[in-house]
Amino acid sequence: PSHVLADSVILPISQKVVKNRIAKAALTEGLSEPRQNNIPNDSHCELYRQWSNGGSGIIITGNVMVDRNCKEAPRNVILDEKTSDLMPFRRWANSIHQRDQDDQYSSYNETTSITSQSSPLAIMQISHPGRQSPISTTGLLTRPIAPTGGSKGRIHLPGGILGKIVGSLFILPPRQLTTDEICTIVSQFATAARQAEKATFDGIEIHAAHGYLLSQFLSPAGNCLRTDGYGGADPTHRQKLLFQIIEAVREATSDDFVVGIKVNSIERGVNDGVVELDNERLDLVEELCMLGTVDFIELSGGNFEDALFVQNANGGGSFFGSFAERLKNRLQHSRRSSSPDIRLPLIMVTGGFRTACEMESTIEKGNADLIGLGRPLCIDPNVSAQLLADRQYQIEMPILMIPFSFGNALLGPALNSIWYQRQIDRLSRGQQAETNPQILDTLFWFVIVFVRLYIW
């Protein structure tokens with residue numbers, strides 16, 4: 001292949017080489033066993049072996065929790081200071097690096113990655129869910145944590161009355177984090193990054209999008225009441241935690257370890273509407289670019305309250321391309337970015353792409369350096385390879401038709417999400433994904449998968 005998607009690119013800080021411009025974006029797997037300490041297992045290795053062989057230049061894992069007491073779902077992988085055995089994580093990294101699980105590297109214990117030129121980079125996404133911790137993970141007596149506590153800090157799910165009922169049944173109102181607890185969270189992210197490097201991952205992606213804890217701190221809607229320098233009307237106060245975590249992660253890892261950030265460009269705003277926080281988010285991403293410590297920034301959007309990144313899953317065109325274009329223009333006119341001493345991170349745009357031509361055009365215009373694919377790889381793990389081989393290849397996304405309107409703002413995204421989660425489960429078992437979702441089958445599996453993922 002000769003088109004731009006196949007071009008390799010060098011990450012500016014770590015100097016790691018990405019073999020092409022396509023990245024597999026993070027997708028929560030829901031495969032770990034709570035009774036086995038929430039470690040990666042054979043299902044993870046089978047799933048990521050398929051994705052690794054599918055042609056992507058970067059493989060980003062699902063969100064790995066940095067605190068075992070705070071999970072997005074009972075079956076999340078956990079990597080924290082209590083994780084004593086890194087061998088399962090090394091096996092997970094090996095499956096991405098395309099190495100046999102029983103070769104000499106399965107017991108590798110140095111802080112140096114073992115990526116070959118033909119294998120993708122293995123990037124672990126690390127995350128803290130904050131208020132998006134269901135009762136199945138917190139219990140009835142422990143409330144989730146958030147920048148703002150009580151009714152002002154709780155999640156308001158879409159879907160009207162149904163959304164209120166579901167939200168009340170499954171997620172308790174959060175309590176407000178203390179300043180000391182915020183310092184602990186900084187060290188938890190640093191610990192997870194250090195452990196990931198020991199487990200031979202090439203890098204980490206800090207999850208500051210989709211309504212998780214760092215996204216909650218950044219949000220003017222979710223963090224407007226704090227007076228301790230970590231919240232309020234001043235955006236720089238709300239951004240303080242994220243910058244502290246980036247600094248701590250860099251100090252805890254080696255210079256050639258990849259550090260990426262995932263941030264929202266679009267989310268629910270203070271007036272209960274979906275808005276683009278143009279100036280504030282552009283300012284944030286510009287500051288991240290000027291740090292000189294970040295390898296890539298992934299632009300995304302949405303959260304549990306508006307599910308923007310779920311509802312648009314069957315659309316065409318880049319969801320966040322317009323923001324990426326404004327960012328490019330901002331950086332071009334920034335005096336600081338013209339300094340030869342500043343190494344700007346690569347920009348990754350995820351969501352909505354359906355053809356190689358769309359992806360190629362986005363890169364050639366300078367709006368992105370990397371293209372992220374998520375759900376298409378749940379249907380066919382080899383989509384990246386097909387895009388690289390055929391510029392005319394068209395990604396076909398199954399559409400689940402819902403024949404009722406009650407609570408559709410909640411049920412529509414939820415049913416679609418569970419259907420794709422079912423395909424991840426099939427791939428992890430070595431089975432082919434389904435391609436024709438049926439509403440009755442999906443409703444049946446919705447109950448089973450939902451209980452398995454979010455209840456037990």
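Q: Looking at this structure, how should I read the overall build of the chain?
A: When helices and strands are tallied, the chain shows 16 helices and 14 strands. Considering the chain as a whole, with its 456 residues, one finds that 60% of them fall into the buried category.

Q: Would you mind going over unusual backbone geometry with me for this structure?
A: Even without being a glycine, Asn38 presents a positive backbone phi close to 55°. Here Asn38 shows up in the loop between strand E3 (22-24) and helix H1 (42-52). A positive phi is found at Thr200, a non-glycine position, where the angle reads about 70°. For Thr200, the position within the fold is in the loop between helix H5 (179-198) and strand E9 (203-208).

Q: Would you mind going over the pairing of strand E12 (residues 296-301) with me for this structure?
A: In summary, the side chains of a regular strand alternate between the two faces of the sheet. The buried fraction of E12 amounts to 6 of the 6 residues, a majority that puts the element mostly inside the structure. Every second residue of E12 is oriented toward a common face, with Phe296, Glu298 and Ser300 on one face and Ile297, Leu299 and Gly301 on the other, all of them buried. Note: E12 against strand E13 (residues 346-350), 4 bridges, orientation parallel. The residue bridging Glu298 from the neighbouring strand is Met348, located in E13.

Q: Before we go on, may I ask you to explain H5 in this structure?
A: Since the α-helix packs 3.6 residues into each turn, any two residues three or four apart lie on the same face. Spanning 20 residues, H5 covers 30 Å between terminal C-alpha atoms, matching the ideal 28 Å at 1.5 Å per step. Looking only at H5, the buried set comprises Ile182, Ile185, Val186, Gln188, Phe189, Ala190, Thr191, Ala192, Ala193, Gln195, Ala196 and Glu197. Following H5 by one or two positions, Thr200 has its phi on the positive side, about 70°.

Q: What is the right way to read the packing of aromatic side chains from this model?
A: For any pair of aromatic rings, geometry is given as the distance between the ring centres together with the angle between the planes. Tallying each qualifying case throughout the model produces 4 aromatic pairs. A centroid spacing of 5.1 Å and a plane angle of 85° characterise the contact between Tyr48 and Trp51, whose relative ring orientation is edge-to-face. Here Trp51 and Tyr48 lie together in helix H1, a separation of 3 residues that amounts to about one turn. With respect to class, Tyr48 is no different from Trp51; both count as buried. Geometrically, the ring pair formed by Tyr48 and Trp92 is edge-to-face, given 5.5 Å between the ring centres and 80° between the ring planes. Pair noted here: Tyr48 is in helix H1 and Trp92 is in helix H2 (residues 87-96), with a separation of 44 residues, a long-range link. You'll find Tyr48 and Trp92 in the same group, each marked buried. Counting every residue linked through ring pairs, the aromatic cluster contains Tyr48, Trp51, Trp92 and Phe201. A cation sits over an aromatic face here: Lys240 above Tyr230, 4.5 Å from the ring centre.

Q: How should the packing of H1 against H2 be read in this particular structure?
A: Working note: a packed helix pair is described by the angle between its axes plus the distance between those axes. The geometry of H1 relative to H2 is characterised by a closest axis approach of 7 Å and an angle of 20° between their N-to-C directions. What the angle tells us is that H1 and H2 run roughly parallel. In the crossing of H1 with H2, the sense of the turn from one axis to the other is right-handed. Side by side, H1 and H2 meet where Asp42, His44, Cys45, Tyr48, Arg49 and Ser52 of the first sit next to Arg91, Trp92, Ser95 and Ile96 of the second. The residue makeup of the contact of H1 with H2, split by class, is 4 nonpolar, 3 polar and 3 charged.

Q: Would you take a moment to explain the nonpolar core for this structure?
A: In a soluble, globular protein the nonpolar side chains are often hidden away together inside. Within the largest apolar cluster, 89 residues are counted, with the highest numbers of intra-cluster contacts made by Ile204, Ile206, Leu242 and Leu299. With sequence-adjacent residues up to four places away left out, Ile206 is seen in contact with Ile126, Phe189, Leu214, Leu242, Ile245, Ile246, Val249, Val259, Gly260, Ile261 and Lys262. Within the second largest apolar cluster, 15 residues are counted, among which are Ala26, Ile60, Leu346 and Met348.

Q: Looking at this model, I keep getting lost on the side chain of Thr148. Mind explaining?
A: Checked against the element boundaries, Thr148 lands in the loop between strand E7 (145-146) and helix H4 (161-170). Residue classification places Thr148 among the buried positions, given a relative accessible area of 4%. For Thr148, the side chain forms a polar contact with the main-chain oxygen of Gly222, separated by 3.1 Å. What Thr148 contacts, discounting residues up to four positions off in sequence, is Gly153, Pro174, Gln176, Gly222, Asn223, Cys224 and Leu225.

Q: In this structure, what is going on with the confidence of the model for the chain? I would like to understand it.
A: Interpretation of the predicted coordinates at a detailed level should be avoided for regions scoring low in pLDDT. Residues with a pLDDT of 70 or more make up 84% of the chain, whose mean pLDDT is 86. The low-confidence segment residues 104-112, where pLDDT is below 50, has 20 contacts with residues more than four positions distant or belonging to other chains. A low-confidence stretch, residues 269-276 (pLDDT under 50), is modelled with 17 contacts involving residues beyond four sequence positions or located in other chains.

Q: How do you make sense of the pairing of strand E14 (residues 370-373) when you look at a structure like this?
A: Residue alternation in E14 divides its side chains into two sets, Leu370 and Gly372 and Ile371 and Leu373, and both sets are buried. Across 3 bridges, the pairing between E3 and E14 is parallel. Along E14, the bridge assignment pairs Lys24 with Leu373. Taken together, the 3 bridges between E13 and E14 define a ladder with parallel strand orientation. What sits directly across from Val349, in E14, is Ile371. Taking the sense of rotation as the criterion, the β-α-β connection linking E13, helix H12 (residues 356-364) and E14 turns out right-handed.

Q: Would you take a moment to explain the packing of H5 against helix H8 (residues 240-252) for this structure?
A: The geometry of H5 relative to H8 is characterised by a closest axis approach of 8 Å and an angle of 35° between their N-to-C directions. The element H5 and its partner H8 pack so that their crossing is right-handed. Two secondary-structure elements touch here, H5 through Ile182, Ile185, Val186, Phe189, Ala190, Ala193, Arg194 and Glu197 and H8 through Leu241, Gln244, Ile245, Ala248, Val249 and Ala252.

The rules behind each value
Residues numbered from 1 in each chain as written. Predicted model: local features only at pLDDT ≥ 70, side-chain atom pairs only at ≥ 80, totals over all residues. Heavy atoms only, no water. Helix = DSSP H or I, 4+ residues; strand = E, 2+ residues; numbered from the N terminus. Buried < 20%, exposed > 50% of the residue type's maximum accessible area, 1.4 Å probe, protein only. Pairing = 2+ DSSP bridges. Expected span 1.5 Å × (residues − 1). Phe/Tyr/Trp six-rings, centres within 6.5 Å; stacked < 30°, edge-to-face > 60°. Lys NZ or Arg CZ within 6 Å of the ring centre and 35° of its normal. Axes fitted to C-alpha atoms, helices over the stretch in contact; angles between N-to-C directions. Parallel < 35°, antiparallel > 145°, perpendicular 65-115°, else oblique. Left-handed = near helix turned anticlockwise from the far one by under 90°. Contact = heavy atoms within 4.5 Å. Nonpolar A, V, L, I, M, F, W, Y, C, P; charged D, E, K, R; others polar. Core = buried A, V, L, I, M, F, W, Y, C linked by side-chain atoms within 4.5 Å. Polar contact = N/O pair within 3.5 Å; in protein donor to acceptor, adjacent residues only side chain to side chain. pLDDT = per-residue confidence, 0-100. Right-handed = clockwise from strand over helix to strand, strands pointing away.

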